[in-house]
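# Coordinates in review
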Amino acid sequence: ASSMLSGFVRHPDSAGTPAPEQVHLQFGADASAQVTVSWVAPAAVARPRLLAGPASLNGAAGTAGTLVDAEERVYTDALTGQTVFTYHAPVGSLEPGTQYAYQVLHDGSPPACGTFKTAPGGRSGPFRFTSFGDHAIPRPVGNGPNSPNAAYVVDALDRLDPLFHLVNGDLSYANASEAPVATWTAYFGNITRSARHRPWMPTPGNHENEAGNGPQGYLSYQTRFALPANGTPAFRGNWYAFTAGPVRFVALN
């Protein structure tokens, strides 16, 4: 559900209300018009929603825009029994090549802010994207792979100021750790400084396959990302496509 709203709604802070975290963006099938803002909370929240509008109207924090209710997706990790609450707010009918500002909102919590830019329409302008795979996390969490380079490459990516980033499989390496939820938390904690301002478009690899998490092992990945539909809900996110400018990108697991 969405509506036009003038002025962001602010609610008083409440003790124990989880704040939005791990904020990240994904394009819809049409990158010139569709973006989904996703985030995580450590517990269920009241009225998760997004307020987004053109940055020319909103400034850095936003003052007016479209209010969109977020979809809640939840999974319980098979290894640790931890339950993860994720939220996804899709925004459509955006203007091509336009800078937007947004706020992620829960009742009783301060907002999380970000910006994004839509892709150019058709052949109307150039764009830059970046791409790599086998990312991992910058510091040890459990016994999984880690490297300081996982942080350095995010900074290097942002210096290039791409419209979006492709992650070519093996994102957090959560399936190689005895603490998979904490590993994903560390992964998004590393990338959110970039991913809240430009879509990170992932393709799953073998290290997204976590034993017991869904029929194919990809339930954690599928719950955390809201990617263009592929017509097969059971394999959501395993393959998909989106168009940016004159280029069609196809992701295949």
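The structure under discussion appears in the preceding block.
These remarks concern the structure in this document. (Residues numbered from 1 in each chain as written. Predicted model: local features only at pLDDT ≥ 70, side-chain atom pairs only at ≥ 80, totals over all residues. Heavy atoms only, no water.)

## Overview of the pairing of strand β12 (residues 200–203)
Using the following cut-off: Here the term buried applies to any residue with accessible area under 20% of the maximum for its type, exposed to any over 50%, and partly exposed to those in between, with areas from a 1.4 Å probe on protein chains only. Here a helix means four or more residues in a row that DSSP labels H or I, a strand means two or more in a row labelled E, and each is numbered from the N terminus. With the strands pointing away from the viewer, any crossover whose connection runs clockwise from the first strand over the helix to the second is right-handed.
Neither face of β12 is exposed, since W200 and P202 on one face and M201 and T203 on the opposite face are all buried. One crossover worth recording links strand β11 (residues 164–168) to the parallel β12 by way of helix α3 (residues 180–195), and it is right-handed.

## Looking at the environment of A195
Under the convention used in this document: We call two residues contacting when some pair of their heavy atoms lies within 4.5 Å.
Looking at the element boundaries, A195 is found in helix α3. For A195, a relative accessible area of 0% puts it in the buried group. For the pair A195 and H165, spaced 30 residues apart in the sequence, the C-alpha separation amounts to 8.5 Å. With sequence-adjacent residues up to four places away left out, A195 is seen in contact with V23, H24, L25 and W200.

## Notes on the packing of aromatic side chains
Definition in use: Working definition: rings of Phe, Tyr and Trp (its six-membered ring) pair if their centres are within 6.5 Å, and the pair is stacked with planes under 30 degrees apart, edge-to-face with planes over 60 apart, and tilted otherwise.
A full pass over the atoms with the stated rule returns 22 aromatic pairs. Between F127 and F129 the ring centres are 6.5 Å apart and the planes differ by 40 degrees, which places this aromatic pair in the tilted class. Classification of F129 as partly exposed rests on a relative accessible area of 38%. Connected via pairs of aromatic rings, a cluster forms that spans F27, F127, F129, F164, Y240, F242 and F249.

## Section: the pairing of strand β7 (residues 83–91)
Filter applied, for reference: When DSSP locates at least two bridges between a pair of strands, those strands are taken to pair.
Of all nine residues in β7, seven are buried, a share of seventy percent or more. Inspection of the sheet shows strand β3 (residues 35–41) paired to β7 by seven bridges, in the antiparallel sense. Looking at the pairing, V37 lines up with A89 of β7. Where strand β6 (residues 71–76) lies against β7, six bridges are found, and the strand directions are antiparallel. Counted as the bridge partner of E71 is H88 from β7. The turn linking β6 back onto β7 is made up of six residues, and G81 within it adopts a positive phi angle of 75 degrees.

## Some words on the sheet that holds strand β10 (residues 129–132)
Note on sheets: strands pair through backbone hydrogen bonds, and any given pair is parallel or antiparallel. Counted only if it meets this: The angle between two axes is taken between their N-to-C directions and runs from 0 to 180 degrees, where each axis is a line fitted to C-alpha atoms and a helix contributes only its stretch in contact.
Strand order in the open sheet made by the three strands is β10-β11-β12, with parallel pairing throughout. Strands at the two margins of the open sheet, each flanked by one partner only, are β10 and β12. Averaged over all pairs of adjacent strands, the angle between their axes in this sheet comes to 15 degrees, without regard to strand direction. One ladder, built from four bridges, connects β10 with β11; its direction is parallel. Residue S131 lies in a different strand from β11, and its bridge partner there is L166.

## Some words on the nonpolar core
One recurring pattern in soluble globular proteins is that nonpolar side chains are buried together. Here is the rule: Nine residue types can take part in a nonpolar core, namely buried Ala, Val, Leu, Ile, Met, Phe, Trp, Tyr and Cys, and a core is a set of them joined through side-chain atoms within 4.5 Å.
Within the largest apolar cluster, 54 residues are counted, with the highest numbers of intra-cluster contacts made by Y102 and F242. Element by element, the count of residues in this core is highest for α3, at six residues. Other than its neighbours up to four places away in sequence, Y102 contacts V23, L25, V37, L50, L51, A52, A112, C113, G114, T115, F116 and R196.

## Comments concerning the side chain of E210
Note the following rule: Note on charges: Lys and Arg go in the positive column, Asp and Glu in the negative column, and His and the chain ends are not counted at all. Salt bridge, as used here: a side-chain nitrogen of Lys or Arg that lies within 4 Å of a carboxyl oxygen of Asp or Glu.
You can see E210 is positioned in the loop between β12 and α4 (219–224). Nearest to the buried, unbridged E210 among oppositely charged side chains is R224, at 6.0 Å. Residues within four places of E210 in sequence aside, it is in contact with D77, A174, N175, P180, W184, G217 and S220.

## Digging into helix α2 (residues 149–160)
To keep things clear, this is the line we draw: One less than the residue count of a helix, multiplied by 1.5 Å, gives the span that helix is expected to have. By arc we mean the arc of the directions from the helix axis to the C-beta atoms, nothing more.
The end-to-end C-alpha distance of α2, which contains 12 residues, comes to 17 Å, matching closely the 16 Å that a straight helix rising 1.5 Å per residue would cover. Three or more residues of α2 are buried, namely A150, A151, V154 and L157. End-on, the buried residues of α2 take up no more than an arc of 120 degrees, which puts them together on one face. Opposite its buried face, α2 presents the exposed residues Y152 and R159, each directed more than 90 degrees away. On its buried face, α2 sits against β10, β11, α3 and β12. Positive phi appears at D161, one or two residues downstream of α2, with a value of about 50 degrees.

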